[in-house]
Amino acid sequence: MKFGVVIFPGSNCDQDMIYVLRDILKQDVVELWHKDHSLQKADFIVLPGGFSYGDYLRSGAIARFSPIMNEVMEFAAKGGYLFGVCNGFQILCEAGLVPGALLRNTELKFSCKNIFIKAENTDTLLTSAIPKNKALRIPIAHGEGRYHTDAATMQKMTDNGQILFRYCDEHGAVTPESNPNGSLENIAGVCNAQKNVFGMMPHPERAADSLLSNTDGLSVFKSLLSLVTS
């Protein structure tokens, strides 16, 4: 499978993502500059983490209008697979590609630490290879990660299985204490109604190499590869 990783001015997790996809998972990867107008025939597009355009105005708000986003949005509208991590998730929300918004953390501080998440269900591409009820230790690094949406949208997403991940404790229990940023219902990741666009705040690419003594994030990437291994 050919992955295209979009690089914006201020992206700082693009090489981490490329390393995991290319060197660990042995996939074909192309780098897509924000001014490009070609997705280079990629099968799967990734928006990595970082601080696109310095997070000026609002996280992801400027990157949403990058030239390449026209092609990215058209790709997704046609059913192409799109995955945004952290700042990439923020860009997806700003572009209306997934429901909701990401607000300032409740403590109004940047948070960088290991947390635990678990998959809400395993019937989406992004969660298909994750053991049910398993708590994954994945790092977060964000100041605007508090997921929010209105009650009606929340109900529709719940009914449609669009909640991908929730913050939990090390035993998999979803509790207020395990919520690192105040996200609505402990939500750490969501997808669109068509289930081809995925966003999550934690960084699975930072937990996918044995040299880091943590490979919990690999199950997320192995889920993506089920497209070509199933």
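First, a word on what this report is: a plain description of the structure on this page. Residue numbers run consecutively from 1 along every chain, following the written order of its sequence. In keeping with the model being predicted, local features are shown solely for residues with a pLDDT of at least 70 and side-chain atom pairs are shown and tallied solely at 80 or more, while totals for entire chains, interfaces and linings include all residues. Water and hydrogen atoms were dropped before computing side-chain values, which therefore reflect all heavy atoms in the structure.

## A look at the pattern of salt bridges
And step 1. Salt bridge, as applied in this entry: a Lys or Arg side-chain nitrogen positioned within 4 Å of an Asp or Glu carboxyl oxygen. Considering all chains together, one arrives at four salt bridges under this definition.
And step 2. When the shortest N-O distance is used, the salt bridge between Lys78 and Glu74 registers 3.1 Å.
And step 3. One continuous salt-bridge network, built from bridges that share partners, spans Glu120, Arg166 and Glu185.

## So, the nonpolar core
And step 1. Ranked by size, the top nonpolar core spans 67 residues in total, and within it Leu21, Ile45, Leu82, Phe83, Ile117, Leu126 and Phe165 carry the most contacts.
And step 2. Examining the composition of this core, we find that five residues originate from one element, helix α2 (residues 68–77), more than from any other. In this text, buried Ala, Val, Leu, Ile, Met, Phe, Trp, Tyr and Cys residues form a nonpolar core when linked through side-chain atoms within 4.5 Å. Residue exposure (1.4 Å probe, protein chains only): buried if accessible area is under 20% of the type maximum, exposed if over 50%, otherwise partly exposed. Segments assigned H or I by DSSP are reported as helices when at least four residues long, segments assigned E as strands when at least two residues long, and all are numbered from the N terminus.

## Things to note about the side chain of Asn181
And step 1. Following the sequence through the fold, Asn181 ends up in the loop between β9 (163–168) and β10 (187–191).
And step 2. Under the rule applied, a polar contact is a pair of N or O atoms within 3.5 Å (in protein, one hydrogen donor and one hydrogen acceptor; residues adjacent in sequence only if both atoms are side-chain atoms). One polar contact links the side chain of Asn181 to the main-chain carbonyl oxygen of Gly145, over a distance of 3.1 Å.
And step 3. Polar side-chain contacts of Asn181 include one of 3.2 Å to the side chain of Tyr167.
And step 4. By definition in these notes, contact holds between two residues if any of their heavy atoms fall within 4.5 Å. In this structure, Asn181 is in contact with Asn105, Thr106, His142, Gly145, Arg146 and Tyr167, ignoring residues within four places of it in sequence.

## Considering the environment of Asp150
And step 1. Here Asp150 lies in the loop between β8 (146–148) and α4 (151–159).
And step 2. A distance of 3.1 Å separates a polar atom in the side chain of Asp150 from the backbone nitrogen of Ala152.
And step 3. A distance of 2.8 Å separates a polar atom in the side chain of Asp150 from a polar atom in the side chain of Thr153.

## Structural notes on helix α3 (residues 87–94)
And step 1. Within α3, seven of the eight residues are buried, which leaves the element mostly enclosed by the surrounding structure.
And step 2. Here α3 has its buried residues at Asn87, Gly88, Phe89, Gln90, Ile91, Leu92 and Cys93.
And step 3. The first or second residue beyond α3 is Gly96, which carries a positive phi of 75°.

## Considering the sheet that holds β9
And step 1. The strand order β2-β1-β3-β4-β11-β10-β9-β6-β7 describes an open sheet built from nine strands, whose pairing is mixed. Strand pairing shows two members of the sheet lacking a second neighbour, β2 (28–33) and β7 (136–142), which therefore form its edges. Within the sheet, the average angular offset between the axes of one strand and its neighbour, ignoring direction, is 25°.
And step 2. A pair of strands counts as paired when DSSP detects no fewer than two bridges linking them. By the bridge criterion, four bridges tie strand β4 (residues 81–85) to strand β11 (residues 197–200) in an arrangement that is parallel. The residue of β11 that forms the bridge with Phe83 is Phe198. Orientation is described by lines fitted to C-alpha atoms, with helices fitted over the stretch in contact, and by angles between N-to-C directions that extend from 0 to 180 degrees.

## Re α2
And step 1. All of the buried residues along α2 are Ile68, Met69, Glu71, Val72, Phe75 and Ala76. Seen along its axis, α2 keeps its buried residues to an arc of 155°; they face one direction.
And step 2. Contacts made by the buried residues of α2 are with β1 (2–7), β2, β3 (44–47), β4, α3 and β11. Here the arc refers to the directions that run from the helix axis out to each C-beta atom.

## Quick look at the packing of aromatic side chains
And step 1. Side-chain rings of Phe, Tyr and Trp (the six-membered ring for Trp) are treated as a pair once their centres are within 6.5 Å; stacked means planes under 30 degrees apart, edge-to-face means over 60, and tilted covers the remaining angles. Going through the model one piece at a time under the given rule, you end up with five aromatic pairs.
And step 2. Measuring from ring centre to ring centre gives 5.3 Å for Phe3 and Phe44, while their planes differ by 35°; the resulting arrangement is tilted. You can see Phe3 sitting in strand β1 and its partner Phe44 sitting in strand β3, a full 41 residues away along the chain.
And step 3. Overall, Phe3 belongs to the buried group, its relative accessible area being 0%.
And step 4. Ring geometry for Phe89 and Tyr147: centres 6.3 Å apart, planes at 15°, overall stacked. Residue Phe89 is found in helix α3, and its partner Tyr147 is found in strand β8; the two are separated by 58 residues along the sequence.

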